[in-house]
Amino acid sequence: MTQRMSDKEYSIKQLRIQLEHLTNDLNKTTEHIQLLEIQEESKFIPQDYEPEQEISELLKRQNSISHEIITVKKKIQRLSAKTILKAELIILPVLIILLFFVATNYTLQPPEQSSIIKTRYLTENLQGGILDDYKHWNIISNTPLVVNIENNAQISDKKIQDIEYVITSTDTITEDSSLLYHSDAVSKSQFFKGWQGAIDTIFDTKYYVPGKFNVIQSSNGEGDIVITLSTINDADGYFGTTRTILDGNQILKAFITIYNADKLTDNQIESIVRHEFGHALGLPHTNNSGDLMHETIMTNHSYISECDINSLKKLYNDEKPSDDFCNSG
Ligand SMILES: [Zn+2]
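Here the structure is a predicted model, which means the values were calculated and not measured.

**Comments concerning the nonpolar core**
Ranked by size, the top nonpolar core spans 46 residues in total, and within it Ile-225, Ile-227, Ile-256, Ile-258, Val-273 and Ile-304 carry the most contacts. Apart from residues no more than four positions distant in its own chain, Ile-256 is found in contact with Ile-225, Val-226, Ile-227, Thr-228, Gly-240, Thr-242, Glu-276 and Ala-280.

Here it is as structure tokens:
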């Protein structure tokens, strides 16, 4: 019996090592794709060079690594499960796994309107179709999500703290909400400055809304949500990208890239990360022009609203957040 247990533990250990290698491989591939896409957008590439082909090969590779990761994770789960559960897990139906990519991009307006950030939101799957889909994390209650801030832009500790604040703060602010609700009357509403506070108000959803965040700083791509701060200047003027790796509509990992991170003001970086983090939790854009999750946001008023919280509730109850009252404006 003891021997068998240790064999099992050995197998789990081997699988975890394999998982780590695969994860590193996935991160490198993803970074490579991001780099090629930036090159493609900029005009500084040789004329006879077509990055599309290489990107498409890399996307296939990303897809197959992700499949392997899911397979290894399932093996670990099976091995870790109690004996009684074993049989049930083995007969779990084989799921057809589709990987989707969600790309979210930001554009900064010309300097005279610099308080407004325009965003472009694209949802595409690997078959090239455009999806109008919703997605969410599917984790065990109270499991923390590891948020890794990769400070490749060498920005100040103060700005790193600002980013952390946007995620972990429970602070609120009472502001005029007439813009949000398209009302001429002056009305005041409570907004959250950090996602933690907003999520703390949500209970009893079908799926657990990630409500614990373990923020780390590391440069090897580990973590569930990786926020890469880059000095790269995106040719189209985008200031952020979020790519979500999905298994069906379940989020497996999210990559947020902030471009020009060294040149953004505190307010801009906070607003962009607050918006992007919403995407990393699964939120799509709303069509309410006053809302944080609108494709155009104002960096002096970009807090988490009741609308956003309601959208999160819907998402984690498997309802389409696009039907939310946020969108009635
Ligand atoms: Zn967006």
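**Some words on the sheet that holds strand 8 (residues 240-247)**
A sheet is described by the order of its strands in space; here 5 strands give the open sequence 6-3-7-9-8, paired in mixed fashion. Each edge of the open sheet carries a strand with a single partner, namely strand 6 (213-216) and strand 8. On average, each strand axis in the sheet is inclined to that of its neighbour by 15 degrees, with strand direction left out of account. Here helix 4 (residues 157-168) sits on the sheet and contacts strand 3 (145-151), strand 6 and strand 7 (225-229); the angle it forms with strand 6, its principal contact strand, is near 170 degrees.

**Considerations on the pairing of strand 8**
Among the 8 residues that make up strand 8, 8 are buried, leaving the element largely enclosed by the rest of the structure. In this antiparallel pair of consecutive strands, strand 8 and strand 9 (residues 250-258), the connection spans 2 residues, and Gly-248 shows a positive phi of 65 degrees.

**Structural notes on helix 4**
With 12 residues, helix 4 extends 16 Å from end C-alpha to end C-alpha; this agrees with the ideal 16 Å at 1.5 Å per step. Those residues of helix 4 lying buried are Lys-159, Ile-163, Val-166 and Ile-167. Seen from one end, helix 4 has its buried residues packed into an arc of 100 degrees, which puts them on one side. Those residues of helix 4 that are exposed and angled more than 90 degrees off the buried face are Asp-157, Lys-158 and Gln-161. In this fold, the buried residues of helix 4 make contact with strand 3, helix 5 (195-199), strand 6, strand 7 and helix 6 (266-280).

**Looking at unusual backbone geometry**
Here Asn-142, not a glycine, exhibits a phi torsion of approximately 70 degrees, which is positive. Tracing the chain through its elements places Asn-142 in the loop between strand 2 (116-125) and strand 3. With phi around 50 degrees, Gln-154 is a residue other than glycine that occupies positive phi space. Along the chain, Gln-154 falls in the loop between strand 3 and helix 4.

**Things to note about the confidence of the model for the chain**
Keep in mind that low pLDDT regions are not for reading the predicted coordinates in detail. Confidence in the prediction for the chain averages 76 pLDDT; 70% of positions are at 70 or higher. The weakest mean pLDDT in the chain belongs to strand 1 (residues 100-108) at 37; the strongest belongs to helix 5 at 98. Between residues 119-131, whose pLDDT stays under 50, and residues either more than four places distant or in other chains, the model counts 28 contacts.

**Description of the environment of His-136**
Considering the arrangement of structural elements, one finds His-136 in the loop between strand 2 and strand 3. Judged by the 25 C-beta atoms lying within 10 Å of it, His-136 is buried. Separated by 114 residues in sequence, His-136 and Gln-250 place their C-alpha atoms 5.3 Å apart. In contact with His-136, other than residues within four places in its own chain, are Tyr-207, Asn-249, Ile-251, Gly-282, Leu-315 and Tyr-316.

Calculation rules
- Residues numbered from 1 in each chain as written.
- Predicted model: local features only at pLDDT ≥ 70, side-chain atom pairs only at ≥ 80, totals over all residues.
- Core = buried A, V, L, I, M, F, W, Y, C linked by C-beta atoms within 7 Å.
- Buried ≥ 20, exposed ≤ 12 C-beta atoms within 10 Å, placed from the backbone.
- Contact = placed C-beta atoms within 7 Å.
- Pairing = 2+ DSSP bridges.
- Helix = DSSP H or I, 4+ residues; strand = E, 2+ residues; numbered from the N terminus.
- Axes fitted to C-alpha atoms, helices over the stretch in contact; angles between N-to-C directions.
- Expected span 1.5 Å × (residues − 1).
- Arc of directions from axis to C-beta.
- pLDDT = per-residue confidence, 0-100.

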